[in-house]
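Each chain, written out:
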Amino acid sequence: MTWLNAISGIRAAGAGDTQAAKALRAACELPMDSEAFAGFYERSARGVWAYLARVSGDAALADDLMQEAFVRFLVAGAPEEGEVACRRYLFRIATNLLRDHWRGTKASSMEGMAEELFVAVDVSGGVEARMVLGPALARLKPREREILWLAHAEGYSHKEIAEIVGVGSPSLRLMLFRARRKMAEMLR
Amino acid sequence: MTMRVCERESEVLAAVRGGMWPTGCAEELRVHVGGCAKCGELAVVGAAFQAERAAAVMEARVGSAGVVWWRAQVRRRQAAMEAVARPMWGAQMFALAVALVMLVVAGVVWVPGLQWDAVWAMVSGSAVLLCVAAGVVVMVGVVGLSLALGREDRG
């Protein structure tokens, strides 16, 4: 668009701020200022990383997805209900990113896939070796890992977990009940 | 598989989440958990996940908030640029189409060998069309200019 360059010259010659420019500038503004975001990031990032790393079993993937989750959180616009809602929204983004990653790896329904496919091999041996729940978690379905983590590690209510993972509240109760029983049997 | 609910679940959960399970809570609650399958499951699973979370949080590799902030700004700017570029592209295509129509009309009007009377009749007949086309071109130009100025201001 070479004529755009010419127009920019006209603008530089003295054209003032326009309505379109103001609207565009507003579209580029992020929903939090950088200091507020830094505080929120400091308080939330480790929890989100822990969720991603343990549910995926892959620390490198958790690094990437955590950064992407925060970027999407900022670009999409943070909820106005406060930090608790922001954090919940962040977990929702992280859950969707995990699911997108798995779907990208194997293009089919996540629920119908073998659990082994979701257990990433950490070549460094670091995360897997340090995991307390490692073997038991690896034997659960991805969604079971998600809901158990959100319920017992993050302390979310049934309603909040249903919102984060995108299932109905009654289904969630049953899924959580079954997953917890399965996990308890493996831990005992 | 029946979903039995125990009325003491919330107490057990609170003890586990508060880090008081098993040593920091009442003996009476420990006895209850020992005899209640549902609360026993909650205590075992809850304590295991709390320990796992504590370990995972300690090993978390958290980058700089500034980098994330910068990446979000870049992405938001790109999205805004694309949103502006879409109507701009449409306007350019429209202006091109109008210009082509005007060229065709001019070509028809100025065909050699026509009598001037006939030519004048055609020109006067199509003058309205030419004016409309010229007006559209000017309008598209104004819209394009304002969008371009907005884009430059933001950049």
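Details of the structure are given in the entry above.
Procedures and definitions
Residues numbered from 1 in each chain as written. Chains lettered and ligands numbered in written order. Predicted model: local features only at pLDDT ≥ 70, side-chain atom pairs only at ≥ 80, totals over all residues. Heavy atoms only, no water. Helix = DSSP H or I, 4+ residues; strand = E, 2+ residues; numbered from the N terminus. Buried < 20%, exposed > 50% of the residue type's maximum accessible area, 1.4 Å probe, protein only. Areas by Shrake-Rupley, 256 points an atom, 1.4 Å probe, with all protein chains shown as cover. Contact = heavy atoms within 4.5 Å. Phe/Tyr/Trp six-rings, centres within 6.5 Å; stacked < 30°, edge-to-face > 60°. Salt bridge = Lys/Arg side-chain N within 4 Å of Asp/Glu carboxyl O. Axes fitted to C-alpha atoms, helices over the stretch in contact; angles between N-to-C directions. Parallel < 35°, antiparallel > 145°, perpendicular 65-115°, else oblique. Nonpolar A, V, L, I, M, F, W, Y, C, P; charged D, E, K, R; others polar. Core = buried A, V, L, I, M, F, W, Y, C linked by side-chain atoms within 4.5 Å.

Caption draft 1: Spatial organisation of the overall build of chain A. Broken down by element type, chain A carries 10 helices and 0 strands. When the helices and strands of chain A are placed in sequence order, the string is α-α-α-α-α-α-α-α-α-α. The 188 residues of chain A split such that 47% are buried. With an accessible surface of roughly 8800 Å², chain A has 52% of that area assigned to carbon and sulfur atoms.

Caption draft 2: The overall build of chain B, seen in detail. Of regular secondary structure, chain B possesses 5 helices and 0 strands. Within chain B, buried positions represent 32% of all 155 residues. For chain B, restricting intrachain contacts to residue pairs at least 6 apart in sequence, the fraction spanning at least 24 positions comes to 62%. In the form shown here, chain B has an accessible surface area of approximately 9100 Å², with 69% of it arising from carbon and sulfur atoms.

Caption draft 3: Representation of the packing of aromatic side chains in the model. All names here are of chain A. The full count for this structure, using the stated rule, is 10 aromatic pairs over all chains. Ring geometry for Phe-37 against Tyr-41: centres 5.8 Å apart, planes inclined by 40°, an arrangement best described as tilted. Of the two residues, Phe-37 and Tyr-41 both sit in helix H3 (residues 34–56), 4 residues apart, roughly one turn of that helix. A relative accessible area of 0% means that Phe-37 is categorised as buried.

Caption draft 4: Structural view of the pattern of salt bridges. Residues and elements named next belong to chain A. Summed over the entire model, instances satisfying the criterion amount to 18 salt bridges over all chains. The salt bridge involving Glu-160 is made with Arg-88; its shortest N-O contact spans 3.1 Å. One end of the pair, Glu-160, is in helix H9 (residues 158–165); the other, Arg-88, is in helix H5 (residues 83–105), and 72 residues separate them in sequence. With a relative accessible area of 18%, Glu-160 lands in the buried category. Between Glu-146 and Arg-99 there is a salt bridge whose closest N-O contact spans 2.8 Å. Here the residue Glu-146 occupies a position in helix H8 (residues 142–153), and Arg-99 occupies one in helix H5, the gap between them amounting to 47 residues. Considered together, Glu-146 and Arg-99 belong to a single accessibility category, that of buried residues.

Caption draft 5: Fine view of the packing of helix H10 (residues 169–187) of chain A against helix H3 (residues 37–59) of chain B. Between H10 of chain A and H3 of chain B, the shortest axis-to-axis distance is 9 Å and the interhelical angle comes to 75°. The orientation of H10 of chain A with respect to H3 of chain B, classified from their angle, is roughly perpendicular. Touching Phe-177, Arg-180, Arg-181, Met-183, Ala-184 and Leu-187 of chain A of H10 of chain A are Lys-38, Glu-41, Leu-42, Val-44, Val-45, Ala-48 and Phe-49 of chain B, all from H3 of chain B. Partitioning the contact of H10 of chain A with H3 of chain B into residue classes produces 9 nonpolar, no polar and 4 charged.

Caption draft 6: Spatial organisation of unusual backbone geometry. In this model, Trp-21 of chain B is joined to Pro-22 of chain B through a cis peptide bond whose omega is 0°. With respect to the element layout, Pro-22 of chain B can be found in the loop between helix H1 (9–17) and helix H2 (27–35).

Caption draft 7: Just the nonpolar core, in detail. If you look at the biggest cluster of nonpolar residues, it comprises 62 residues, and the most contacted ones within it are Met-32, Phe-37, Leu-52, Phe-70, Phe-73 and Met-183 of chain A together with Phe-49 of chain B. Ranked by residues supplied to this core, first place goes to H3 of chain A with 11 residues. Aside from chain neighbours lying at most four places away, what touches Phe-70 of chain A is Phe-37, Phe-40, Tyr-41, Ser-44, Ala-45 and Leu-90 of chain A together with Val-68 of chain B. Grouped together as the second largest cluster of nonpolar side chains are 11 residues, Cys-6, Cys-25, Val-33 and Cys-39 of chain B included.

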